[in-house]
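So the chains spell out like this:
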Amino acid sequence: MNKHAVEASQVKTHLDRLSYDTATDPGLGARAVVSLQTKPTVFTVLLFPGFSQLSLSSMIEPLRVANTLLGLEQFRWQLVSIDGQPVKCASGFSIGVHGDFHTERTNVEMSRVPDLMLLCAGEGIEAQCSSEVSALLRLCVRQKIVIYALGTATWLLAQLGLLNSNRCTIHWNKIPALSETFYGLNVNDALFMQDGPFVTCAGEFAAFDLAIDLLKRRCSPETVAKVCQHVIADRGRAGDAYQYVPPGLQYTGKNEKLIQVIRIMLQNIEMPTALDAIPQQIGLSRRQIERLFQRNLGTTPGQYYLSLRLARARQLLVSTNLSITSVAMACGFSSSSYFSNCFRNEFGLRPHEVRL
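So, how was this worked out
- Residues numbered from 1 in each chain as written.
- Predicted model: local features only at pLDDT ≥ 70, side-chain atom pairs only at ≥ 80, totals over all residues.
- Heavy atoms only, no water.
- Axes fitted to C-alpha atoms, helices over the stretch in contact; angles between N-to-C directions.
- Helix = DSSP H or I, 4+ residues; strand = E, 2+ residues; numbered from the N terminus.
- Parallel < 35°, antiparallel > 145°, perpendicular 65-115°, else oblique.
- Left-handed = near helix turned anticlockwise from the far one by under 90°.
- Contact = heavy atoms within 4.5 Å.
- Nonpolar A, V, L, I, M, F, W, Y, C, P; charged D, E, K, R; others polar.
- Buried < 20%, exposed > 50% of the residue type's maximum accessible area, 1.4 Å probe, protein only.
- Polar contact = N/O pair within 3.5 Å; in protein donor to acceptor, adjacent residues only side chain to side chain.
- pLDDT = per-residue confidence, 0-100.
- Salt bridge = Lys/Arg side-chain N within 4 Å of Asp/Glu carboxyl O.
- Pairing = 2+ DSSP bridges.
- Right-handed = clockwise from strand over helix to strand, strands pointing away.
- Expected span 1.5 Å × (residues − 1).
- 1 Å grid on protein atoms, 1.4 Å probe; cavity = no way out; pocket = protein on both sides within 12 Å on 5 of 7 lines; lining within 4 Å.
- Points joined across faces, edges and corners; volume = space filled by probe spheres on them.

### Quick look at the packing of helix 7 (residues 206–218) against helix 8 (residues 221–230)
For any two helices packed against each other, the geometry comes down to the angle between their axes and how far apart the axes lie.
Right, so step 1: Two numbers describe how helix 7 lies on helix 8: the axes approach to 9 Å, and their chain directions differ by 155°. Taken together, the axis directions place helix 7 and helix 8 in an arrangement best described as roughly antiparallel. Along this stretch, helix 7 crosses helix 8, giving a crossing that reads as right-handed. Along the contact surface, helix 7 presents Phe208, Ile212, Leu215 and Lys216, while helix 8 presents Val224, Val227 and Cys228.
Right, so step 2: Counted by class, the contact of helix 7 with helix 8 contains 6 nonpolar, no polar and 1 charged residues.

Spelled out as structure tokens, the structure:
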């Protein structure tokens, strides 16, 4: 068998294994038959100092494994930094890159565009919105390039005013600060979500779920299952799954009602809902809810609700410059003195002391 015959045979094998779907993917155009002749999905990863290595690996590794299993370069990526130099991640080690933001911007201006742009960031993102970053991301929006934002990278999109009314998510410990800093932003507690040209993700292990979602759009169920098997994962979680679930309840379906109550509490921090109004929303009596909290969390609904509000207040105090009075109001406290007393009872410190 000659070389061309071998290649043809390989193409047929891959076509037999992979599915064809004519639905459209965000920013990727119509789905095509995955074969040796199919143009790979190409994306650029913008790395910001202090980025989460866990987020980066969770997103890239499933795609690398898929390439290996398929025997095809179905996914291709390059890493770039602001100046083309290695970037230090939050764990303290540096990652080499292939280019810089300015060169990437020039490429996009010359229509050498990737299928998507992936932003990977970490702590300190608030101070990393430079003119170069702004120019590149605004150009991507004009060129209709889908932008994936992992972890805290959603902050950049909000800071540049790109999100508008688009639904978005961010790592749970940034949700309070994002919501209060960019008032009116449609922030959701979800693993990942796509709205318009933006795909936002909570980062960390949620980036793996996002990668699996991308694989489902481009590869056969068989390939997706083999990727999960290879990385020793059961499956990818749905994008709208909750980020915040109390410890010990993540994998217990029998406590779904309890999680629903906590969800309602989290959605009503600034204007706390009356506990008597919750039972009718989930189909349980108040007594049943009290038993659920006592049995699973060792506390009462009222005490737990107060702890959630105080935890939110602490997040705002350490991650924003809001006044203590503003933080108190954002967490449902009408009196600063009452807020201060509750905060000290919960954490052993007064609100102003956590900022020292």
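### Observations regarding the side chain of Ser52
Right, so step 1: In this structure, Ser52 sits in the loop between strand 3 (41–47) and helix 2 (53–70).
Right, so step 2: Relative accessible area serves as the criterion here: at 11%, Ser52 is assigned to the buried category.
Right, so step 3: One polar contact links the side chain of Ser52 to the main-chain amide nitrogen of Ser55, over a distance of 3.1 Å.
Right, so step 4: Apart from residues lying up to four places away in sequence, Ser52 is in contact with Cys120, Ala121, Gly122 and Glu204.

### Examining the confidence of the model for the chain
Right, so step 1: For the chain, per-residue confidence averages 85 on the pLDDT scale, and residues scoring 70 or more make up 86% of the total.
Right, so step 2: Below pLDDT 50 for its whole length, residues 1–37 participates in 60 contacts with residues either more than four positions away or in separate chains.

### A few points about the pattern of salt bridges
Right, so step 1: Counted by the stated rule, this structure contains 13 salt bridges.
Right, so step 2: A salt bridge links Glu73 to Arg76, with the nearest nitrogen and oxygen atoms 3.0 Å apart.
Right, so step 3: Owing to a relative accessible area of 47%, Glu73 belongs among the partly exposed residues under this scheme.
Right, so step 4: Judged by its relative accessible area of 38%, Arg76 falls in the partly exposed class.
Right, so step 5: Put simply, Glu290 and Arg286 hold a salt bridge, and the shortest N to O gap is 3.3 Å. One end of the pair is Glu290 and the other is Arg286, both in helix 11 (residues 286–297) and 4 residues apart, which spans about a single turn.
Right, so step 6: Overlapping salt bridges bring together Asp276, Arg286, Arg287 and Glu290 as one network.

### Thoughts on the sheet that holds strand 3
Right, so step 1: Pairing in this open sheet of 7 strands is mixed, and the strands run 7-4-3-8-9-13-12 from one edge to the other. The strands lining the two open edges of the sheet, one partner per strand, are strand 7 (99–100) and strand 12 (192–195).
Right, so step 2: In this structure, strand 4 (residues 75–81) lies alongside strand 7, joined through 2 bridges in parallel fashion. Bridging from a neighbouring strand, Val80 pairs with Gly99 of strand 7.

### Some details on the environment of Cys168
Right, so step 1: Within the secondary structure, Cys168 sits in strand 10 (residues 167–168).
Right, so step 2: For the pair Cys168 and Gln194, spaced 26 residues apart in sequence, the C-alpha to C-alpha distance is 7.5 Å.
Right, so step 3: If we skip the residues at most four places from it in the chain, Cys168 touches Thr154, Leu163, Leu178, Leu185, Asn186, Val187, Asn188, Met193 and Thr200.

### Quick notes on the pairing of strand 9 (residues 146–150)
Right, so step 1: In terms of residue burial, strand 9 counts as a mostly covered element, since 5 of its 5 residues are buried.
Right, so step 2: The sheet contact formed by strand 8 (residues 116–120) and strand 9 spans 5 bridges and is parallel. Its bridge partner lying in strand 9, Leu116 is registered against Val146.
Right, so step 3: Once the chain exits strand 8 it traverses helix 4 (residues 131–142) before rejoining the sheet at strand 9, and the crossover so formed is right-handed.
Right, so step 4: Pairing of strand 9 with strand 13 (residues 198–201) involves 4 bridges; the strand directions are parallel. By the bridge assignment, Ala149 is partnered in strand 13 with Thr200.

### Notes on helix 4
Along an α-helix, residues three or four apart share an orientation, since each turn contains 3.6 residues.
Right, so step 1: Compared with an ideal rise of 1.5 Å per residue, which puts 12 residues at 16 Å, helix 4 spans 16 Å between its outermost C-alpha atoms and is within 8% of the ideal.
Right, so step 2: Along helix 4, the residues classified as buried are Glu132, Val133, Ser134, Ala135, Leu136, Leu137, Leu139 and Cys140.
Right, so step 3: Following helix 4 by one or two positions, Lys144 adopts a phi angle in the positive range, close to 60°.

### Section: empty space enclosed by the protein
Right, so step 1: Counted by the stated rule, this structure contains 2 cavities of 30 Å³ or more.
Right, so step 2: Of the volumes computed, that of the largest cavity is approximately 50 Å³.
Right, so step 3: Lining of the largest cavity is provided by Val261, Met265, Leu275, Ile278, Pro279, Arg286, Ile289, Glu290 and Pro301.
Right, so step 4: The residue inventory of the lining of the largest cavity, partitioned by class, reads 7 nonpolar, no polar and 2 charged.

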